[in-house]
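What follows is the residue order along each chain.
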Amino acid sequence: MMRITRGNPFLPKMNIRNSIFLYYSITALLAIVVIGVSFYTRLADSFSQAIIEENSGLVNQLNQSVGAYIKNIMNLSNSLSYGVIKNTDLEHEEIGDEFYLLYDNNKDFIEDISLFSGSGELLEVFPASRMKTGYEPTNKDWFTKPLRYPDRMHFSELEVQNLFSYEDNKYSWVVKFSRAVEVTQNGKSDYGVLLIDLSYAGLEKVIDNVRLGNNGYVYLIDSSGDIIWHPRGNMINTTRFRENNLAHSTHSDGVYEEKFEGNKRTVIVRTVGYTGWKIIGVTPQVGISLNSIKTRWFMIFAFSIMVFIFSIINAYISAWITEPIQELEKSVNTIENGDLDAKVYIGGSYEIEHLGRSIDDMRGRIRGLMEDLDAEHELKRQKEFEVLQEQINPHFLYNTLESVIWMISSENQEKAVKMVAALAKFFRIGLSAGVTEVTVEKELEHVERYLEIQRMRSKIDFHYEIRAEEDLPISEIYSLKIILQPIVENAIKYGMEYMYGDGILEISVRRDENDIVYTIKDNGPGMTQDKIDKLLELSTKRVVSKGGSGIGVKNVNERIKHFYGDRFGLSIFSELDEGTEVQVRIPLKYVEKGRDKKEEENER
Amino acid sequence: MIGGRMLKNSWFIWVISIFVIALLFLLSSTDLIIKEDQVTIYQIATILDETSDANIPNFRKGMERAATELKVDMRVIPLFEYGNMEDQKKKMHEEVANGVAAMILNPVDAPNNLDYLLEGLESPRASMPIAVYDNMAPHYSYVDIGIDYSRAGERLGAAIGIEKPQSKTILFFYSGSKEGEYNEVLYDSVKSKLESLNHDTDLFYGKPENNYDFRVKISKLAEEYETKPVIVCLDRLSLDMTAKMLDSLPSYKELIGGLYGTGNSLYLLNKLADGTIDGLIVWNEYAAGYLAVESVVEQLKFPGLKRDEILDSYYIRSNDLDNRNFMRILFPLN
């Protein structure tokens, strides 16, 4: 029968407990890793997005603040331009007080307010008092651009205020705001330039308080990309710090990802109205910070705890499932080793318990069957032993040999020779070199030799006849050996003995369909049904024929039934004072070719 | 017991696992094994070769910015008298005795006297981080925040050669606590450049108390030299005194062919703007102050880490003051 084996050739063979533990653990770990990575990614993305949205909001607010600041400046210039300068003839009227008033109200973010004529002459200024010697405004952009574009307002780049003289220990950074204004002198109107120096400190106040979370910052650039304000302004362009301002100036409003000096950053760009300035919000890559070594160890710790807990649970589950199976396996191994009395483990889950009960039942049945088999073998062995024993039963031999001695001593050598020859033949056929079956012919010859011996030595006088059905090939049909002799012995002892010379014993064999039937018939006194029943009663005890050849009629019946089956055996018919007929039924079984020769050799 | 055999057979694995988890807990959630960086506020003293830090405002601003960012308690200690080496040494040792963690030093009469200033510092203070500013020569033990005066001298010499070809003589002014102690690197560099352009050179010392010596010298220039000499001041003090003297006596401007020097103070830049000074060698003093503080803090955190910085120098004229790049270097944003 072909054996089917399954299994993964790449994995080592593991017991069921380790397999369950390993596969459950791997599954759990994979689930943890997948869920953890997904959750982390999702959380990081959501966190990033939230940070970007918040920072965008902050930048928008800052844009509005700067815009408001710019608008305030523009409104101030409008007040000066339309409310003060336009309607004043500067040759005859002073506007210094108005300049002072406006400056005083806005001095937190204004450095100077000044008015120039179209030719570059300083007409009014506050709080500075004079221009620097040698300073020529007419070749400066802040002066020429408003005159070229009178309807526009102009913002210069951030620069050090170099127009007016101050004390030696003071300088200030300003953004020059300038616009063309109508100046009237001596009744004549012409364009002049109103200049407001916006202090860097005032601008810084608007911007500096904004912080973008997670080490982010904002800075301000002008339309050409030059930095107006930066939290690291003084360190820009040194070896320590650089900014990507020129690239940022090319972006339109929006959110961008960039990599600058090896760091990933999110850049938010917003344009400030009127000025062309841009507010740039820079936020380094957002994520759960793993820079701290302790954070990394904590991640490993959390992962290890989960692995440990899952391992305990998996180990418990695998043990709960597999320990009953292992106990059952041990029980089966014990039974397999021959101990049918071993206790079978019954426990665990429903299926295992049921399996245990089934195995226990099976053990019981096997044990019973084996006991029956043992008993049967024992009985058979006993029967065979009895036959064997009979074959060498000394009483028959002694008696016969004594008869021979007597015959010899009586000088009846001829008879003695006949008796010895008959005895030799009797034993030779009976032994038959250990075979259980002989031919029908041999069996008849065996009983005939017996009868010969009994006639010669026994005081009982009787007649006998042995015949076989015509055309029955008695030399080609098997018969269990030594089945007629015990019956004949019985018939002589209980039948012929009481006939006083008139006893007749008939032995015949015939075929009855697929059976062979021996018939031993005597005209003796017969026997009762009780006796018949007793004779045929199956027994496990060894029945020894007393004084005779040893094997009883019971033995014959039992041997036939054991050898051929229950359908075969003895049938006894008896009638008191009439006689007894014993029929022996065995199956018709032809001799195998080749067996004959072997039998002949044994006989020699 | 179900599972009991499981535990019994592999008990040692579970025990080891528990130990590992306990160890991981100690590593990740306690300070027993890994200690988080504590925020340490370092005390740093700065002792300059100046009587007031107003003379070096940009350097001061740079130091203050770095002190804010790096959480440093900064003390700036001026000298009672310019160029007083003993005073500087005494102040230095006092600060060390007060337990200052590190020091920034602009040595008097550098580079000759650094070892003298440092001698006598007791161990372990002898290994205290020190950043030396403008020492004119690097020291093997300390961080050097310096200017490449050799290169600066070449630039200055070349500029003078181009701008003042008619001046035969170049007169070097210097001042300080001792005559004979001046910026030799700068002097040699400018001198060799100018002599290669066939200029004669001369050297003059003026005492630091006032500008009398320089005034007298200038007043006699016409007698001593065939052509109006160009004055090159080798240090900020001499340039300062000379410029102030020319401010107060404008007629003296006619006696000289031009005035050049080194220095970043606002006064000198104003003098450059108004034409009193013809050209200046400048550098980013703000960055110098920032880097000086940063370097000593780095040494405190990582002993043995020594990162010298040589600052770029620039030659500027008055029209360069409108250049925004120079504005950022010379006029740090407040």
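In this numbering scheme, every chain counts its residues from 1 along its sequence in written order. Chains carry letters and ligands carry numbers; both start at the beginning, A for chains and 1 for ligands, and go up in the order they are written. Local features in this predicted model are restricted to residues whose pLDDT is 70 or higher, and side-chain atom pairs enter the listing and the counts only when it is 80 or higher, whereas totals over whole chains, interfaces and linings include all residues. Side-chain measures here rest on the full set of heavy atoms in the structure, leaving out hydrogens and waters.

**Concerning the overall build of chain B**
Within chain B, the secondary structure is distributed over 13 helices and 12 strands. Split into buried and exposed, the 334 residues of chain B put 54% on the buried side. Should any heavy atoms of two residues lie within 4.5 Å, those residues are counted as being in contact. Within chain B, contacts between residues at least 6 apart in sequence are counted, and of these 75% link residues at least 24 apart. Of the roughly 15,100 Å² that chain B leaves accessible, carbon and sulfur atoms contribute 52%. In DSSP terms, a helix is any run of H or I states spanning at least four residues, a strand is any run of E spanning at least two, and both are numbered starting from the N terminus. Note on classification: 1.4 Å probe, protein chains only; a residue is buried when its accessible area is under 20% of the maximum for its type, exposed when over 50%, partly exposed between these limits. The Shrake-Rupley method, run with a 1.4 Å probe sphere, supplies the accessible areas, and residue values consider only the shown protein chains as cover.

**Some details on the interface of chain B and chain A**
Every contact between the two is made by 43 residues of chain B and, on the other side, 46 residues of chain A. Buried area adds together the accessible area that both of two parts lose upon being put together, with accessible area traced by a 1.4 Å probe. In total, about 4,000 Å² of surface goes out of reach between chain B and chain A, with carbon and sulfur atoms giving 58% of it. Whenever a carboxyl oxygen of Asp or Glu lies within 4 Å of a side-chain nitrogen of Lys or Arg, that contact is scored as a salt bridge. Where chain B touches chain A, the interface holds four salt bridges. With its nearest N and O atoms 3.6 Å apart, the salt bridge here joins glutamate 157 of chain A to arginine 324 of chain B. Side-chain atoms alone can form a polar contact between residues adjacent in sequence; in general such a contact is a pair of N or O atoms within 3.5 Å, and within protein one must be able to donate a hydrogen while the other accepts it. Counting across the chain B and chain A interface gives 11 residue pairs in polar contact (both at pLDDT 80 or more). Counting residues per element, the ones that place at least two in the side of chain B that touches chain A are helix 1 (4-9), helix 2 (11-29), helix 3 (57-70), helix 11 (266-273), helix 12 (285-301) and helix 13 (324-330) of chain B. Of all the elements, helix 2 of chain B adds the most residues to the side of chain B that touches chain A, at nine residues. Note on residue categories: nonpolar means Ala, Val, Leu, Ile, Met, Phe, Trp, Tyr, Cys or Pro, charged means Asp, Glu, Lys or Arg, and polar means any other residue, Gly included. Split by residue class, the side of chain B that touches chain A holds 20 nonpolar, 11 polar and 12 charged.

**Observations concerning helix 2 (residues 96-105) of chain A**
Residue pairs three or four apart in sequence face the same way in an α-helix, which turns once every 3.6 residues. All names here are of chain A. Buried within helix 2 are the following residues: Gly96, Phe99, Leu102 and Tyr103. Across the axial projection of helix 2, the buried residues extend over an arc of 130°, all falling on one side. Set apart from the buried face of helix 2 by more than 90 degrees, the exposed residues are Asp97, Leu101 and Asn105. The reported arc concerns the directions from the helix axis to the C-beta atoms and nothing else.

**Quick word on the packing of helix 6 (residues 293-336) of chain A against helix 2 of chain B**
For every element, the axis is a line fit to its C-alpha atoms; helices are fit only across the contacting stretch, and the angle between N-to-C directions ranges from 0 to 180 degrees. Where helix 6 of chain A meets helix 2 of chain B, the axes come as close as 8 Å, and the angle between the chain directions of the two elements is 155°. Overall, the two elements helix 6 of chain A and helix 2 of chain B adopt an arrangement that is roughly antiparallel. Crossing of helix 6 of chain A over helix 2 of chain B shows left-handed handedness. The segment helix 6 of chain A lies against helix 2 of chain B, with Lys294, Trp297, Phe298, Ile300, Phe301, Ser304, Ile305, Phe308, Ser311, Ile312 and Ala315 of chain A engaging Trp14, Ser17, Ile18, Ile21, Leu24, Phe25, Leu27, Ser28 and Ser29 of chain B. Small angles under 35 degrees read as roughly parallel and large ones over 145 as roughly antiparallel, with 65 to 115 read as roughly perpendicular and the rest as oblique. Left-handed describes a crossing in which the near helix is turned anticlockwise from the far one by less than a right angle; the clockwise case is right-handed.

**What about the sheet that holds strand 4 (residues 130-133) of chain B?**
All names here are of chain B. Paired strands, as defined in this entry, are two strands with at least two bridges between them according to DSSP. The strand order across the open sheet built from six strands is 2-1-3-4-5-11, with neighbouring strands paired in parallel fashion. If you trace the sheet from one side to the other, it starts and ends with strand 2 (72-77) and strand 11 (309-311), each paired once. Taken pair by pair, the neighbouring strands of this sheet meet at an average axis angle of 15°, ignoring direction. By the bridge criterion, six bridges tie strand 1 (residues 42-47) to strand 2 in an arrangement that is parallel. Following the sheet pairing, isoleucine 47 is matched in strand 2 by isoleucine 77. The sheet contacts of helix 3 involve strand 1, strand 2, strand 3 (102-105) and strand 4, and relative to strand 2 the element is tilted by about 160°.

**Considering the side chain of threonine 275 of chain A**
Residue and element names in this part refer to chain A. Position of threonine 275 relative to the elements: it lies in the loop between strand 9 (263-271) and strand 10 (278-284). With a relative accessible area of 13%, threonine 275 lands in the buried category. Separated by 3.3 Å, the side chain of threonine 275 and the backbone oxygen of valine 272 make a polar contact. Separated by 3.0 Å, the side chain of threonine 275 and the backbone nitrogen of tryptophan 277 make a polar contact. Setting aside residues up to four positions removed in sequence, threonine 275 forms contacts with Ile70 and Phe155.

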